[in-house]
Amino acid sequence: MKNLLHIRLTESSTPEAQAIIAAQKKDPAVSVEIMQLTSENAPAVLEKIFATESICVWPAPRQTA
């Protein structure tokens, strides 16, 4: 099984990120994990980075004026 890790830098994800994650979760051969990076859980996120096969970091949603 392929392990994918999505790291969010904020509490919410962009619609594009949500769509990609939803599509990946439909694949039974893929394990998808989503973590929000905080100063408190940074060591745990680092451990997950080294244990996974693919990592994607999602920035904050863009603000529109």
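One structure accompanies this document, and this report is about it. (Residues numbered from 1 in each chain as written. Predicted model: local features only at pLDDT ≥ 70, side-chain atom pairs only at ≥ 80, totals over all residues. Heavy atoms only, no water.)

### Description of the overall build of the protein
Spelled out, the test is: Each helix corresponds to a stretch of at least 4 residues labelled H or I by DSSP, and each strand to a stretch of at least 2 residues labelled E; elements are numbered beginning at the N terminus. Where accessible areas are quoted, they stem from the Shrake-Rupley method and a 1.4 Å probe; at the residue level, only the protein chains shown are allowed to cover. Positive: Lys, Arg. Negative: Asp, Glu. His and the chain ends are not part of the count. Charged side chains are reduced to one point each, which is NZ for Lys, CZ for Arg, CG for Asp and CD for Glu.
Counting its regular elements, the protein contains 2 helices and 3 strands. Each principal axis of the C-alpha atoms in the protein carries an extent, and together these give about 45 × 30 × 10 Å. Of the accessible surface of the protein, which amounts to about 4,700 Å², a share of 56% is contributed by carbon and sulfur atoms. Positive and negative side-chain charges of the protein, numbering 6 and 7 respectively, have mean locations separated by a distance of 7 Å.

### What about the nonpolar core?
Our working rule: Residues belong to a common nonpolar core when they are buried Ala, Val, Leu, Ile, Met, Phe, Trp, Tyr or Cys residues joined through side-chain atoms within 4.5 Å. Remark: exposure states derive from per-residue accessible area (1.4 Å probe, protein chains only) relative to the maximum for the residue type, with buried under 20%, exposed over 50%, and partly exposed in between. Contacts are assigned to residue pairs that have any heavy atoms within 4.5 Å of one another.
Leu 4, Ala 17, Ile 21, Val 30, Val 32 and Trp 58 together form the largest nonpolar core, which totals 6 residues. Of all the secondary-structure elements, those providing two or more residues to this core are helix 1 (15–25) and strand 2 (30–36). Residue contacts for Ile 21: discarding those within four places in its chain leaves His 6, Val 32, Ile 34 and Trp 58.

### Quick word on the sheet that holds strand 3 (residues 54–58)
The strands that make up a sheet pair up through hydrogen bonds in the backbone, lying either parallel or antiparallel. Worth spelling out the cut-off: Only strands joined by at least two bridges in the DSSP assignment are considered to pair. Think of each axis as a best-fit line through the C-alpha atoms, taken over the contacting stretch in the case of a helix, with angles from 0 to 180 degrees between the N-to-C directions.
Spatially, 2-1-3 is the arrangement adopted by the 3 strands of the open sheet, whose pairing is parallel. A single partner strand is all that each edge strand has here, and the edge strands are strand 2 and strand 3. Averaged over neighbouring strand pairs, the angle between their axes works out to 20° when direction is ignored. As paired elements, strand 1 (residues 2–8) and strand 2 share 7 bridges and run parallel to each other. If you follow His 6 over to strand 2, its bridge partner there is Ile 34.

### Digging into the environment of Trp 58
Put simply, the rule is: Polar contacts, as counted here, are pairs of nitrogen or oxygen atoms within 3.5 Å of one another; within protein the pair requires one atom able to donate a hydrogen and one able to accept it, and residues that are adjacent in sequence qualify only if both atoms are side-chain atoms.
Mapped onto the elements of the fold, Trp 58 is located in strand 3. On the accessibility criterion, Trp 58 (12% relative accessible area) is buried. Contact partners of Trp 58, with chain neighbours within four places excluded, come to His 6, Ile 7, Arg 8, Leu 9, Thr 14, Ala 17, Ile 20 and Ile 21. Reaching out from Trp 58, the side chain makes a polar contact with the side chain of His 6 at a distance of 2.8 Å.

### Re the side chain of Thr 52
Take Thr 52: it is sitting in the loop between helix 2 (42–51) and strand 3. Of note is the side chain of Thr 52, whose polar atom sits 2.8 Å from the backbone oxygen of Asn 3. In this structure Thr 52 touches Asn 3, Leu 4 and Leu 5, once residues within four positions along its chain are discounted.

### Description of the environment of Ala 42
Position of Ala 42 among the secondary structure elements: in helix 2. The class of Ala 42 is partly exposed, set by a relative accessible area of 32%.

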